[in-house]
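# A look at the structure
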Number of protein chains: 2
Amino acid sequence: MADPASPVKNGVNVEALLGAREALTKAPEAAQFKWRAACEWKDGTYSHSTVEGFFGLGAEQHRKTTFMFDADHPEVFASEDRGATPVEYVLVGLASCLTAGIAAVAQHRNIQLRSVTATIEGNMDIQGILGIDSDVRNGFGGIKVSYKIDADAKKEDIEALVAQSQKRSAVYDIVTNPTNVTVEVR
Amino acid sequence: MADPASPVKNGVNVEALLGAREALTKAPEAAQFKWRAACEWKDGTYSHSTVEGFFGLGAEQHRKTTFMFDADHPEVFASEDRGATPVEYVLVGLASCLTAGIAAVAQHRNIQLRSVTATIEGNMDIQGILGIDSDVRNGFGGIKVSYKIDADAKKEDIEALVAQSQKRSAVYDIVTNPTNVTVEVR
């Protein structure tokens, strides 16, 4: 448990999260969330997506900001590189999810973080998406995340932080385990 | 095969992609790509990520633009909502990947698109990430994508476009099938 008198300040409100855990244990229907995005095709492989409201705690939740994202393919694919590629969005999602988890777990364990940076790399044999070899998958062959962490803690405690962040990461779960996707045309 | 004299203009250079397919069939080592992102922790669950170079066609590929992304958690999680959540980045990646695929397949099949919009929703029982119930997964229980497409084609041809885009989508593969992720601390 986090010590309320702890001088550790990673910017995560652990008490609020523990309170939410207790409240949602008694009201599991409030734990049912729906996350959303909308995507509009622009031209070629270029699209524009928005992220705004979501559903959770039994109600529609509105945000002050609409987050906007351009996606495209790079020039080596005869596209115009007007945004990151879709697979790079997945890498951003995975790295940011693990990083938020490291901060939350560090706060809970009274470890002061000074800096956390990650590089993430996914290798892909594009013979898959180009349809050259049906034995090659379309997605990543594998992903490697490398953390550099400066914190008031021993190396093994830092490694334990990173391991725990994987255990609680939504995107790590999505990438490492199968998720059912239904696609319909209205 | 696309007809070079086709009046269909979806903005996808199908001839270049078919040329790439032929070239990479003869040089499979050039098809080995590495996609990357870098993530820097800012405060709490807030991080800043950048997407810049990648490796492909046997060389480091540089871009004119560095794409930048803020990720955070919303206020209902006692965070400050300074960016989309990591799981919303995954939804943006999936929707934009399928949408780019629809445009490419439509061009290849001589179908003129007028508009393509998608809404995407992932449901999540946050009892997983909060550690309330270990039988609940951390990620999405499931994802639903709903397309609205205006195109010069019959409904069954539009449905076939969408189905083919799933077959060739990198992010659809990443989400629906397991990918190995290695996380190290340097």
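Scroll up for the structure.
Read on for an overview of the structure. (Residues numbered from 1 in each chain as written. Chains lettered and ligands numbered in written order. Predicted model: local features only at pLDDT ≥ 70, side-chain atom pairs only at ≥ 80, totals over all residues. Heavy atoms only, no water.)

### A word on the packing of helix 2 (residues 86–108) of chain A against helix 2 (residues 86–108) of chain B
At a minimum axis distance of 8 Å, the contact between helix 2 of chain A and helix 2 of chain B shows a crossing angle of 170°. In this view, helix 2 of chain A runs roughly antiparallel relative to helix 2 of chain B, as classed from their interaxial angle. Touching P86, Y89, V92, G93, S96 and C97 of chain A of helix 2 of chain A are P86, Y89, V92, G93, S96 and C97 of chain B, all from helix 2 of chain B. When the residues that make up the contact of helix 2 of chain A with helix 2 of chain B are grouped by side-chain class, the tally is eight nonpolar, four polar and no charged. (Axes fitted to C-alpha atoms, helices over the stretch in contact; angles between N-to-C directions. Helix = DSSP H or I, 4+ residues; strand = E, 2+ residues; numbered from the N terminus. Parallel < 35°, antiparallel > 145°, perpendicular 65-115°, else oblique. Contact = heavy atoms within 4.5 Å. Nonpolar A, V, L, I, M, F, W, Y, C, P; charged D, E, K, R; others polar.)

### Considerations on the pattern of salt bridges
Scanning the model with the defined rule gives 30 salt bridges over all chains in all. Between R63 of chain A and E88 of chain B there is a salt bridge whose closest N-O contact spans 2.9 Å. A residue pair is termed interchain when its members come from two chains, as with R63 of chain A in the loop between strand 4 (59–61) and strand 5 (67–71) and E88 of chain B in helix 2. Classification of E88 of chain B by relative accessible area gives buried; the value is 0%. R82 of chain A is paired through a salt bridge with E80 of chain A; the nearest N and O atoms lie 3.8 Å apart. We classify R82 of chain A as partly exposed; its relative accessible area is 25%. Salt bridges sharing common partners tie together D43, D72, E80 and R82 of chain A. (Salt bridge = Lys/Arg side-chain N within 4 Å of Asp/Glu carboxyl O. Buried < 20%, exposed > 50% of the residue type's maximum accessible area, 1.4 Å probe, protein only.)

### Observations concerning the interface of chain A and chain B
Counting residues at the interface gives 118 residues for chain A and 118 residues for chain B. Summed over the shared surface of chain A and chain B, the number is 12 salt bridges. Our count for the contact surface shared by chain A and chain B stands at 56 residue pairs in polar contact (both at pLDDT 80 or more). If you tally residues by element for the side of chain A that touches chain B, the top one is helix 2 of chain A, at 16 residues. Across the side of chain A that touches chain B, the residue classes tally to 59 nonpolar, 35 polar and 24 charged. Sheet analysis places strand 6 (residues 113–125) of chain A next to strand 1 (residues 32–43) of chain B, joined by nine bridges and oriented antiparallel. Paired with N123 of chain A across the two strands is K34 of chain B, which belongs to strand 1 of chain B. (Polar contact = N/O pair within 3.5 Å; in protein donor to acceptor, adjacent residues only side chain to side chain. Pairing = 2+ DSSP bridges.)

### Structural notes on a positive patch on the surface
Residue and element names in this part refer to chain A. A cluster of basic residues, R21, R109, K167 and R168, forms a positive patch at the surface. Along the polypeptide, R109 turns up in the loop between helix 2 and strand 6. By relative accessible area, R109 is classed as partly exposed at 38%. (Patch = residues over 30% accessible without salt bridge, like charges linked within 9 Å, V, L, I, M, F, W, Y side chains within 5 Å. Areas by Shrake-Rupley, 256 points an atom, 1.4 Å probe, with all protein chains shown as cover. Lys, Arg positive; Asp, Glu negative; His and termini not counted. Charge placed at Lys NZ, Arg CZ, Asp CG, Glu CD.)

### Examining helix 1 (residues 14–26) of chain A
With 13 residues, helix 1 of chain A ought to run about 18 Å at 1.5 Å a step, and its terminal C-alpha atoms sit 19 Å apart, in line with that. Where helix 1 of chain A is buried, its residues contact helix 2 of chain A. (Expected span 1.5 Å × (residues − 1).)

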